[in-house]
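Coordinate analysis (summary)
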Amino acid sequence: MVTLDSVRAVHLPVSEESSTVTHPFLDLAPLSAGRFAAIEDRVARLLGTGQDVVIMQGEALLPLEGAIRAAAGPGTVALNVVTGPYGQTFGNWLRDCGATVHDLSVPFHTAVSAERIRQAFTEHPEIDFVSLVHAEAATGNTNPVAEIGEVVRAHGALFYLDAVASVGAEPVLPDAWGVDLCVIGAQKAMGGPAGVSAVSVSERAWARMAANPGAPRRSYLSLLDWKERWIDGGRKALLHAPAQLEMLALEACVERIEAEGLGTVMARHASAAAATRAGALALGGGLEPYVYEAEDAAPVATTLRAPSDVDASELVARALESDPALPLAAGGGALAAEMVRVNHYGPDATRGAVQGCLAALGAALAEKGLKTDLEAARRAVEDAWDRPAGPDLSEA
Ligand SMILES: *Cc1c(COP(=O)(O)O)cnc(C)c1O
């Protein structure tokens, strides 16, 4: 257990002449290879995977980009599923690598179906790589990865999954779903730091990378460097000094999830999503769930559509004036005018956060002369929160 005291216990002695004051984040001993490997094993357990797990020393975009550049090249025919802004980014990297890319875009208010993936393989049987985002915090949708994985496996394509926004909020099972490259980050539902991330890599994926002359090597982006110099060497020698603050924070956040129980953490997120959706519908004022069907809505965050004559970013700014700590944001880029994001993840997957967000949004809408029912919203949040949550129980 990493406590502040155990962190302090490793600080270097401070000389009496020195004016340096000890600080829990400073004067840390270097993180050992053994500790690093143990944290990797813990992340692997969280994902229920027997595949290699590589922890990357950067925000999740590092393994997301590194895995695409390692696995894709001019010979690759990729099916890139676009259900939000990250899918667009992946398509650009794939084209950059020289891959032939078939983009499959679905409107951001819905999810992609396994049937659409099946159709894409029928139209382009040469597809040998599929990139998919599991849940998109930016659009609030989640995709049926288990069903899609069956289709991808049946065609033998390599399956790349961005599970940054789903891990901790809903099941992420790379082995059961046949995911070859599963990228996670700690900063959403895991309630951890943003500066460290991980990817699970199947044997097939390692083989594809090893055969790719364009795969990054001797590079910060390189997964193969970690395979050849870290994993194949028995995880004895690290490639460089690890970011120890982020590693300790990652260890602490996995520990906290283990202590609460992954199932309980996921149930909290499912409750928060169901409660936000129900609360927004009961609130009125023209606020509506952005994702049409509840089953397509991500447990990690709930997106709402602002009334047509209200600017979403102004509405959010007004709501945040009442409480700047609320996990509210407007949509990114072109969505800023129409989308409100309730980021009820990690420590904000609570009744209090959901109630606070809806109350603040309701008050801001009422100021604009729109008719809202704060009490109905409050009751709807409580009712939805207490209903058994989870994908299989929500209709019961
Ligand atoms: C949040 C998120 C990431 C990580 O990006 P940041 O914006 O840097 O947090 C990657 N993929 C998805 C799907 C995400 O939701």
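Residues numbered from 1 in each chain as written. Predicted model: local features only at pLDDT ≥ 70, side-chain atom pairs only at ≥ 80, totals over all residues. Heavy atoms only, no water.

A separate point is the overall build of the protein chain. From N to C terminus, the protein chain includes 14 helices and 13 strands. Its C-alpha radius of gyration of 22 Å places the protein chain within 12% of the 21 Å reference for a compact globule of 396 residues. By its C-alpha atoms, the protein chain is 70 × 65 × 35 Å across when sized along the principal axes. Relative to its 396 residues, the protein chain shows a buried fraction of 53%. (Helix = DSSP H or I, 4+ residues; strand = E, 2+ residues; numbered from the N terminus. Rg over C-alpha atoms; globule rule 2.2 N^0.38 Å. Buried < 20%, exposed > 50% of the residue type's maximum accessible area, 1.4 Å probe, protein only.)

Quick look at the site of the ligand now. Every residue lining the ligand is accounted for by E59, Y86, V133, A135, A137, D162, V164, A165, Q187 and K188. Between the ligand and the protein, one listed contact pairs a nitrogen atom with a side-chain N or O atom of D162 at 2.6 Å. In the model, an oxygen atom of the ligand is placed 2.7 Å from a nitrogen or oxygen of the K188 side chain. Burial of the ligand by the protein amounts to 80% of the accessible area it has alone, namely 370 Å². Each residue belonging to the shell around the ligand can be placed in one class, and the counts come to 6 nonpolar, 1 polar and 3 charged. (Near = heavy atom within 4 Å. Polar contact = N/O pair within 3.5 Å; in protein donor to acceptor, adjacent residues only side chain to side chain. Areas by Shrake-Rupley, 256 points an atom, 1.4 Å probe, with all protein chains shown as cover. Nonpolar A, V, L, I, M, F, W, Y, C, P; charged D, E, K, R; others polar.)

This next bit is on the pattern of salt bridges. Within the structure shown, the criterion is met by 22 salt bridges. Note that E258 is salt-bridged to R42, the shortest N-O span being 2.8 Å. Taken together, the residues E258 in helix 10 (residues 244–260) and R42 in helix 2 (residues 33–46) connect sequence positions 216 residues apart. Accessibility expressed as a relative area gives 37% for E258, which makes it partly exposed. In this structure R42 comes out as buried when scored by relative accessible area, which is 18%. Of the charged contacts in the structure, one is a salt bridge between R268 and E260, with a shortest N-O distance of 2.8 Å. The network of salt bridges with common partners includes E40, D41 and R235. (Salt bridge = Lys/Arg side-chain N within 4 Å of Asp/Glu carboxyl O.)

With that settled, the discussion passes to the pairing of strand 13 (residues 339–342). Of the two faces of strand 13, the one lined by M339 and R341 and the one lined by V340 and V342 are each fully buried. Here 4 bridges tie strand 11 (residues 302–305) to strand 13, and the two strands are oriented antiparallel to one another. Among the inter-strand pairings, R305 is bridged to a residue of strand 13, identified as M339. Here strand 12 (residues 328–330) runs beside strand 13; their pairing, made up of 3 bridges, is antiparallel. Bridge assignment links A329 to a residue of strand 13, and that residue is R341. (Pairing = 2+ DSSP bridges.)

Here we come to the sheet that holds strand 4 (residues 129–133). Strand order in the open sheet made by the 7 strands is 1-9-8-7-4-2-3, with mixed pairing throughout. Of all the strands in the sheet, just strand 1 (52–56) and strand 3 (100–105) have a single pairing partner and so form its edges. In this sheet, adjacent strand axes meet at a mean angle of 15 degrees when their direction is disregarded. Where strand 7 (residues 158–162) and strand 8 (residues 181–185) come together, 3 bridges link them in parallel fashion. Residue pairing for strand 8: L161 is matched across the bridge by C182. The sheet strands contacting helix 8 (residues 203–210) are strand 1, strand 7, strand 8 and strand 9 (197–201), and the helix crosses strand 9 at an angle near 95 degrees. Along the sheet, helix 9 (residues 223–231) contacts strand 1 and strand 9; its crossing angle with strand 1, the most-contacted strand, is approximately 115 degrees. (Axes fitted to C-alpha atoms, helices over the stretch in contact; angles between N-to-C directions. Contact = heavy atoms within 4.5 Å.)

With the rule as written, the count across this model stands at 6 aromatic pairs. Between F36 and W230, the ring centres sit 5.4 Å apart and the planes meet at 85 degrees, which makes this aromatic pair edge-to-face. A residue pair is termed long-range when its members are at least 10 positions apart, and F36 in helix 2 and W230 in helix 9 qualify at 194 residues. Assigned by exposure class, F36 and W230 land together as buried. On the numbers, 6.2 Å between centres and 80 degrees between planes, the contact of W226 with W230 is edge-to-face. Highlighted residues: W226 and W230, both in helix 9, separated by 4 residues, approximately one helical turn. Both residues of the pair, W226 and W230, belong to the buried class. (Phe/Tyr/Trp six-rings, centres within 6.5 Å; stacked < 30°, edge-to-face > 60°.)

Moving on to the domain arrangement of the protein chain. Buried accessible area, meaning the area lost when the parts come together, often serves as the stated size of an interface. Its domain assignment divides the protein chain into domain 1 (33–259) and domain 2 (262–386). A straight line from the C-alpha centre of domain 1 to that of domain 2 covers 29 Å. With 22 residues of domain 1 at the contact, the number on the domain 2 side is 21 residues. Buried surface at the junction of domain 1 and domain 2, summed over both partners, amounts to about 1800 Å²; 65% is from carbon and sulfur atoms. It is H109, G140 and A169 that lose the most area in domain 1 upon contact with domain 2, and together they represent 27% of the buried surface on that side. On the surface where domain 1 and domain 2 come into contact, there are 0 salt bridges. For the interface between domain 1 and domain 2, the tally reads 6 residue pairs in polar contact (both at pLDDT 80 or more). Looking at the side of domain 1 that touches domain 2 residue by residue, the class counts come to 11 nonpolar, 9 polar and 2 charged. (Domains from an automatic or database assignment. Buried area = accessible area lost by both parts, 1.4 Å probe.)

We now examine unusual backbone geometry. If you check the backbone angles, D27 has positive phi at about 60 degrees while not being a glycine. Note on placement: D27 falls in the loop between helix 1 (4–9) and helix 2. The residue R218 is not glycine, and still its phi comes out positive at about 45 degrees. Checked against the element boundaries, R218 lands in the loop between helix 8 and helix 9.

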